[in-house]
Amino acid sequence: MASMLELKTPAKLNLMLHITGQREDGYHELQTVFQFIELYDEMSFKVTEDTHITRKHSNSPVPEQDDLIIRAAQLLQQAYQVKQGVSISCQKNIPMGGGLGGGSSDAATTLMALNRLWGLSLTTNELQDLGVKLGADVPVFIFGKSAWGEGVGDKLVPIDLPVPWYLIIHPQIFVSTAQIFASQDLTRDCHPLTIRAFLQGKGGNVCQPVATKLYPEIQQAIDWLNRFAPAKMTGTGACVFAAFDTK
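Enquirer: Is there a simple way to explain the overall build of the chain in this structure?
Expert: Along its length, the chain carries eight helices and nine strands. For the chain, the C-alpha radius of gyration of 18 Å lies close to 18 Å, the compact-globule estimate for 247 residues. Projected onto its principal axes, the C-alpha positions of the chain cover 55 × 35 × 35 Å. Out of the 247 residues belonging to the chain, those deemed buried represent 49%. Of the contacts made within the chain by residues no fewer than 6 positions apart, 73% connect residues no fewer than 24 positions apart. A total accessible area of about 12500 Å² is found for the chain, and carbon and sulfur atoms account for 50% of it. In the chain, 20 side chains carry a positive charge and 24 a negative one; their mean positions are 3 Å apart.

Below, the structure is given as structure tokens:
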């Protein structure tokens, strides 16, 4: 059995994001479309024979004990009483607080890598059930393909999407997802869409008006990019993107 893995973890765009309701536990009921892009963090995993889970190398400013990759490894180890540990390194290239899902992607990759390295043989569904405890975007990275997402983002259906060139602007700010979802200005009662309606051009991002009000830099990026193609914000921000036919 392998004792070491080196993997790339992709970023994502939310091509649309609606909120159709809010549950009693505070989580929002979503409709969204995930598309992966060719921007990656780089991770390596080395099994240890003790039970320690450590972050060996990382350029993340997040303290080790709060890092989602460490929490993912601990969750898996505790859930299945694993008697091994792991040393994890992570080179972050995906901007943090940008709505590109870097932290969720890293957590998903950690679950999938350790499922293999620790010999657990868990199914994709079992890993997704663990992943959603870490964050709503984690299951789609385990799912591993473009998807229509509902629930809190964990009910996934594969969707065939065009693969254009995306130009993505990062306004060099960090947006707090919790701040956006807590806003009183956030629309929480969108009429549910169908996949067909989305493919016909319906649907926007309900977080965009909230984020642009709080962070003018996002609106500035949208205004500039709109000169060349229709621009949108991904997730809760801060990154803005537009699709083009050619490089």
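Still to come is the rest of the account.
Enquirer: How do you make sense of a nonpolar patch on the surface when you look at a structure like this?
Expert: Together, Leu167, Trp224 and Phe228 make up a nonpolar patch on the protein surface, roughly 300 Å² of accessible area in all. Positionally, leucine 167 belongs in strand β7 (residues 165–169). The class of leucine 167 is partly exposed, set by a relative accessible area of 34%.

Enquirer: How should unusual backbone geometry be read in this particular structure?
Expert: Trans is the prevailing form of peptide bonds, just as negative phi is the prevailing case for residues other than glycine. Cis geometry marks the peptide bond from glycine 237 to alanine 238; its omega dihedral reads 20 degrees. You can see alanine 238 is positioned in the loop between β8 (232–233) and β9 (240–244). Within the chain, glutamine 172 stands out as a residue other than glycine whose phi angle is a positive 65 degrees. Position of glutamine 172 relative to the elements: it lies in the loop between β7 and α5 (177–182).

Enquirer: Please clarify how the packing of helix α2 (residues 102–117) against helix α3 (residues 124–131) should be interpreted in this entry.
Expert: At a closest axis distance of 10 Å, the pairing of α2 and α3 adopts a crossing angle of 135 degrees. On the basis of the axis angle, α2 is oblique to α3. You can see that α2 and α3 cross each other, and the crossing is right-handed. Touching Leu111, Met112 and Asn115 of α2 are Leu127, Leu130 and Gly131, all from α3. Tallied by class, the residues present in the contact of α2 with α3 amount to four nonpolar, two polar and no charged.

Enquirer: How do you make sense of the environment of valine 152 when you look at a structure like this?
Expert: Counting through the fold element by element, valine 152 comes out in the loop between β5 (147–151) and β6 (155–158). Taking relative accessible area as the criterion, valine 152 reaches 6% and is therefore assigned buried. When the C-alpha positions of valine 152 and glutamine 31 are compared, they lie 8.2 Å apart, and in sequence the two are 121 residues distant. Among all residues touching valine 152, those that are not within four sequence positions of it are Arg23, Tyr27, His28, Leu30, Val132 and Ala136.

Enquirer: When you look at the nonpolar core in this model, what are you seeing that I'm missing?
Expert: What tends to happen in soluble globular proteins is that the nonpolar side chains get buried as a cluster. Phe45, Val86, Leu111, Leu114 and Trp118 are the most contacted members of the largest nonpolar core, which totals 33 residues. At the level of secondary structure, the elements contributing two or more residues to this core comprise β2 (28–48), α1 (68–79), β4 (85–91), α2, α3 and α4 (138–143). Beyond its immediate chain neighbours, meaning those up to four positions away, leucine 114 contacts Phe45, Ala73, Leu76, Val86, Gly119 and Leu120. Membership of the second largest hydrophobic core comes to 24 residues, among which are Leu17, Leu225, Met233 and Val240.

Enquirer: For this particular structure, what's the right way to read the pattern of salt bridges?
Expert: Once their charged atoms are close, side chains differing in charge can pair, the charge on each being opposite to the other. By the definition in use, this model includes six salt bridges. Put simply, aspartate 25 and arginine 23 hold a salt bridge, and the shortest N to O gap is 2.8 Å. Its relative accessible area of 47% is what places aspartate 25 among the partly exposed residues. Its relative accessible area of 33% is what places arginine 23 among the partly exposed residues. Between aspartate 106 and lysine 92 there is a salt bridge, with its nearest N and O atoms 2.8 Å apart.

Each value, and the rule that gives it
- All residue numbers here refer to positions counted from 1 along the written sequence of the relevant chain.
- Per-residue local features are limited, in this predicted model, to residues with pLDDT of at least 70; the limit for side-chain atom pairs, both in listing and counting, is 80 or more; totals at the level of whole chains, interfaces and linings are taken over all residues.
- With hydrogens and water stripped out, all remaining heavy atoms of the structure feed into the side-chain values.
- Helix and strand assignments follow DSSP, with helices taken as H or I runs no shorter than four residues and strands as E runs no shorter than two, numbered in order from the N terminus.
- Here the globule rule reads 2.2 Å times residues to the power 0.38, and the radius of gyration is calculated from C-alpha atoms.
- With a 1.4 Å probe rolled over the protein chains alone, any residue whose accessible area is under 20% of its type maximum counts as buried; one over 50% counts as exposed, and the rest are partly exposed.
- Whether two residues are in contact is decided by their heavy atoms, any of which lying within 4.5 Å being enough.
- Residue burial considers only the protein chains on display, and all accessible areas are found by Shrake-Rupley using a 1.4 Å probe.
- Under the convention used here, Asp and Glu are negative, Lys and Arg are positive, and both His and the chain ends fall outside the count.
- One atom stands in for each charge, and that atom is NZ of Lys, CZ of Arg, CG of Asp or CD of Glu.
- Without a salt bridge and with relative accessible area above 30%, a residue can belong to a patch; like charges are then joined within 9 Å and nonpolar side chains (Val, Leu, Ile, Met, Phe, Trp, Tyr) within 5 Å.
- For this document, the term salt bridge refers to a Lys or Arg side-chain nitrogen within 4 Å of an Asp or Glu carboxyl oxygen.
- Axes here refer to lines fitted to C-alpha atoms; in helices the fit is confined to the stretch in contact. Angles between the N-to-C directions go from 0 to 180 degrees.
- Note that the term roughly parallel is reserved for angles under 35 degrees, roughly antiparallel for angles over 145, roughly perpendicular for angles of 65 to 115, and oblique for everything else.
- Throughout, a crossing is termed right-handed when the near helix is turned clockwise from the far one, and left-handed when it is turned anticlockwise from it by less than a right angle.
- Under the grouping applied here, Gly and all other residues not named as nonpolar or charged are polar, the nonpolar ones being Ala, Val, Leu, Ile, Met, Phe, Trp, Tyr, Cys and Pro and the charged ones Asp, Glu, Lys and Arg.
- Here, nonpolar core means buried Ala, Val, Leu, Ile, Met, Phe, Trp, Tyr and Cys residues that are tied together by side-chain atoms lying within 4.5 Å of each other.

All we've got here are geometric facts, nothing functional implied.
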